[in-house]
Amino acid sequence: RSVRRQRVARSSEVAAGQLRGDPSVAPRCVEEKAFSYMGDDCQYYLSRGSDPSASPILLIHPVGVGLSKWFWEPFIEEFKRKHPQNDIYAPDLLGCGSCRRYEEELGKGPDTDLAEQWAKQLRSFSEDVIKRPAVVVTQGALGTV
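Residues numbered from 1 in each chain as written. Predicted model: local features only at pLDDT ≥ 70, side-chain atom pairs only at ≥ 80, totals over all residues. Heavy atoms only, no water.

Participant: Hey, could you go over the confidence of the model for the protein chain for me, with residue numbers and the actual values?
Facilitator: Within the protein chain, residue pLDDT values average 78, and 68% of them lie at 70 or more. Counting interchain partners and residues more than four positions distant, the pLDDT-below-50 stretch residues 1-9 has 2 contacts. (pLDDT = per-residue confidence, 0-100. Contact = heavy atoms within 4.5 Å.)

Put into structure tokens, the structure is as follows:
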């Protein structure tokens, strides 16, 4: 039980730190990196796998107040314990975490489709960063993106 409490405490520390924009609380098993999209530097987590031939995993966080790549931190740590071979990527979506770009899109009227913007961002991320087919895991209603 004490290991479980430590994980919960660490997850809470990471979540609180990410909401404050404190990069020093990034999960222990990942690197925090950035990619450029539409002139914005969007952060993402990368947890490198032990087998380059294993399928990479792309984690898409839910959208809501305060949510970002850190949402996946407990999953990444637990998954890596059991499956260290896969690369895992967890980017911030536009308007979430470090990626604020979509706030500019809101002022463009009713034709602004944020789901379409997220889909374009994720396609760009997949092509420019991952560079090969990946297993996609979503939480919430973003499966259609």
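Read on for the rest.
Participant: Describe the packing of aromatic side chains, with residues and values.
Facilitator: Where two aromatic rings form a pair, the distance of their centres and the angle of their planes describe that pair. Going through the model one piece at a time under the given rule, you end up with 8 aromatic pairs. The interplanar angle of 65 degrees and the centroid separation of 4.7 Å between the aromatic rings of Phe-35 and Phe-125 together place this pair among those described as edge-to-face. Pair noted here: Phe-35 is in strand S1 (residues 31-37) and Phe-125 is in helix H4 (residues 114-130), with a separation of 90 residues, a long-range link. As far as burial versus exposure is concerned, Phe-35 and Phe-125 are alike and both buried. Ring centres 5.2 Å apart and planes at 90 degrees place the aromatic pair Phe-71 and Trp-72 in the edge-to-face group. Residue Trp-72 is classed as buried on the basis of its relative accessible area, which comes to 6%. Here the aromatic residues Phe-35, Tyr-44, Tyr-89 and Phe-125 are joined through ring pairs into a cluster of three or more. When the ring centre of Tyr-45 is taken as origin, the NZ or CZ atom of Lys-69, which lies over that ring, is 5.3 Å away. (Phe/Tyr/Trp six-rings, centres within 6.5 Å; stacked < 30°, edge-to-face > 60°. Helix = DSSP H or I, 4+ residues; strand = E, 2+ residues; numbered from the N terminus. Buried < 20%, exposed > 50% of the residue type's maximum accessible area, 1.4 Å probe, protein only. Lys NZ or Arg CZ within 6 Å of the ring centre and 35° of its normal.)

Participant: Explain the pattern of salt bridges residue by residue, including any values.
Facilitator: Per the counting criterion, the structure on display carries 8 salt bridges. The residue Arg-48 makes a salt bridge to Glu-31 at a minimum N-O spacing of 2.6 Å. Here the residue Arg-48 occupies a position in the loop between strand S2 (40-47) and strand S3 (57-60), and Glu-31 occupies one in strand S1, the gap between them amounting to 17 residues. Note on Arg-48: relative accessible area 51%, which makes it exposed. Between Glu-78 and Lys-82 there is a salt bridge, with its nearest N and O atoms 3.5 Å apart. In this pair, Glu-78 and Lys-82 are both assigned in helix H2 (residues 73-82), 4 residues apart and thus about one turn of the helix distant. Residue class for Lys-82 comes out exposed when judged on its relative accessible area of 59%. Each of Glu-31, Lys-33 and Arg-48 takes part in a single network of salt bridges with overlapping partners. (Salt bridge = Lys/Arg side-chain N within 4 Å of Asp/Glu carboxyl O.)

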